[in-house]
Amino acid sequence: MKVNEIFYSLQGEGRWTGTPAVFLRLSGCNMKCWFCDTKHEAGTEMTEEEIAKEASRYPARHIVITGGEPTLQLTSRLTDLLHEEGFFIQIETNGSIALSKGTEVDWITCSPKGNEIKLQRIDELKLLFIPEYIEKYKDVGASNLCLQPVDTGDTAQDKQNLQRAIDFCLANPQWHLSLQTHKIINIQ
């Protein structure tokens, strides 16, 4: 598997915000989103056993498998090894690729980018606040609905995006505001 990075930090977004977690960022993505803030193409080849061993060095037993797009590489062998090490496995995916047969994860955070969702289940829908996304995915069956303002890098535009997302959540209380707290508190 091509691994971009493995690191230990706090989950910065969504339902598990603030949770100490090991992050496994797999290289590559099947989408080229204009707003992507992740440099995920580079990486080092590692076996599933090497990944599980590296992840197990850290004290937390919550692992977030992300990318790029993790379902391009995620295997049942890796999830089995991580479960054997006592990990609660969360993936963050755009949902465009179904999990391969036998790949068991505990929590699926789906953040679609206009694509068709091909997942068997979704625990958390985390949408960027783009009005057409909300309309497109309004009937996705997820118990946790998170809305995240788009970070454009332009302070005035970002402030406006945040206020629009706040206003939407207040008018639609089934949605929760999700800020990128890792950026706010300046951690990885």
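Given the structure is predicted, the values throughout are model-derived calculations rather than measurements.

Trainee: Sorry if this is basic, but what is going on with the overall build of the chain here?
Mentor: From N to C terminus, the chain includes five helices and nine strands. Tracing the chain from N to C terminus, the helices and strands come up as β-β-β-α-β-α-β-β-β-α-β-α-β-α. Taken over the C-alpha trace, the chain has a radius of gyration of 16 Å; the compact-globule value for 188 residues is 16 Å, and the two agree within 12%. Viewed in the frame of its principal axes, the chain has a C-alpha envelope of about 45 × 35 × 30 Å. The proportion of buried residues among the 188 residues of the chain is 50%. Between the centroid of the 19 positive side chains of the chain and the centroid of its 26 negative side chains there is a distance of 2 Å.

Trainee: Quick question: what am I supposed to make of the nonpolar core here?
Mentor: The nonpolar side chains of a soluble globular protein tend to be buried with one another. The biggest cluster of nonpolar side chains holds 41 residues, and the ones touching the most others in it are Leu24, Ile63, Ile65 and Leu82. Not counting residues within four places of it along the chain, the set of residues in contact with Leu82 comprises Ala52, Ala55, Ile63, Ile65, Phe87 and Ile89.

Trainee: It is not clear to me how a nonpolar patch on the surface should be interpreted in this structure. Could you clarify?
Mentor: A cluster of nonpolar residues, Leu177, Leu179 and Ile184, forms a patch on the protein surface that exposes about 250 Å² of accessible area. On the basis of relative accessible area, Leu177 is assigned to the partly exposed category, the value being 35%.

Trainee: Can you help me understand the packing of helix α1 (residues 48–55) against helix α2 (residues 76–84) in this one?
Mentor: Where α1 meets α2, the axes come as close as 9 Å, and the angle between the chain directions of the two elements is 30 degrees. Taken together, the axes of α1 and α2 lie roughly parallel to each other. In this structure, α1 meets α2 at a crossing whose hand is right-handed. Contact with α1, carried on its side by Glu48, Glu49, Ile51, Ala52 and Ala55, involves Arg77, Leu78, Leu81 and Leu82 of α2 and no other residues of that element.

Trainee: Looking at this structure, how should I read the pairing of strand β7 (residues 124–128)?
Mentor: Consecutive side chains of a regular strand alternate in pointing toward one face of the sheet and then the other. Of all the five residues making up β7, five are buried; the element is thus mostly covered by neighbouring parts of the structure. The two faces of β7 match: Glu124, Lys126 and Leu128 on one face and Leu125 and Leu127 on the other face are all buried. Direction of pairing for strand β6 (residues 107–110) relative to β7: parallel, over a ladder of two bridges. Bridged to Cys110 within β7 is Leu125. When β7 meets strand β8 (residues 144–148), the two strands line up parallel, connected through five bridges. Within β8, the position partnered with Leu127 by the bridge is Leu147. A crossover links β7 with its parallel partner β8, the connecting element being helix α3 (residues 131–137), and its sense is right-handed.

Trainee: Teacher, can you tell me more about the packing of aromatic side chains here?
Mentor: To describe a pair of aromatic rings, one takes the distance between the centres and the angle between the planes. Scanning all chains against the criterion turns up seven aromatic pairs. Here the aromatic rings of Phe7 and Phe23 are separated by 5.0 Å at their centres, their planes lie at 10 degrees, and the arrangement is stacked. Of the two residues, Phe7 sits in strand β1 (residues 2–10) while Phe23 sits in strand β2 (residues 20–26), which places them 16 residues apart along the sequence. Note on Phe7: relative accessible area 8%, which makes it buried. Summarising the aromatic geometry, the rings of Trp16 and Trp107 are spaced 5.4 Å apart at their centres and angled 85 degrees between planes, so their arrangement reads as edge-to-face. Within this pair, whereas Trp16 is found in the loop between β1 and β2, its partner Trp107 is found in strand β6, the two being separated by 91 residues in sequence.

The rules behind these values
Residues numbered from 1 in each chain as written. Predicted model: local features only at pLDDT ≥ 70, side-chain atom pairs only at ≥ 80, totals over all residues. Heavy atoms only, no water. Helix = DSSP H or I, 4+ residues; strand = E, 2+ residues; numbered from the N terminus. Rg over C-alpha atoms; globule rule 2.2 N^0.38 Å. Buried < 20%, exposed > 50% of the residue type's maximum accessible area, 1.4 Å probe, protein only. Lys, Arg positive; Asp, Glu negative; His and termini not counted. Charge placed at Lys NZ, Arg CZ, Asp CG, Glu CD. Core = buried A, V, L, I, M, F, W, Y, C linked by side-chain atoms within 4.5 Å. Contact = heavy atoms within 4.5 Å. Patch = residues over 30% accessible without salt bridge, like charges linked within 9 Å, V, L, I, M, F, W, Y side chains within 5 Å. Areas by Shrake-Rupley, 256 points an atom, 1.4 Å probe, with all protein chains shown as cover. Salt bridge = Lys/Arg side-chain N within 4 Å of Asp/Glu carboxyl O. Axes fitted to C-alpha atoms, helices over the stretch in contact; angles between N-to-C directions. Parallel < 35°, antiparallel > 145°, perpendicular 65-115°, else oblique. Left-handed = near helix turned anticlockwise from the far one by under 90°. Pairing = 2+ DSSP bridges. Right-handed = clockwise from strand over helix to strand, strands pointing away. Phe/Tyr/Trp six-rings, centres within 6.5 Å; stacked < 30°, edge-to-face > 60°.

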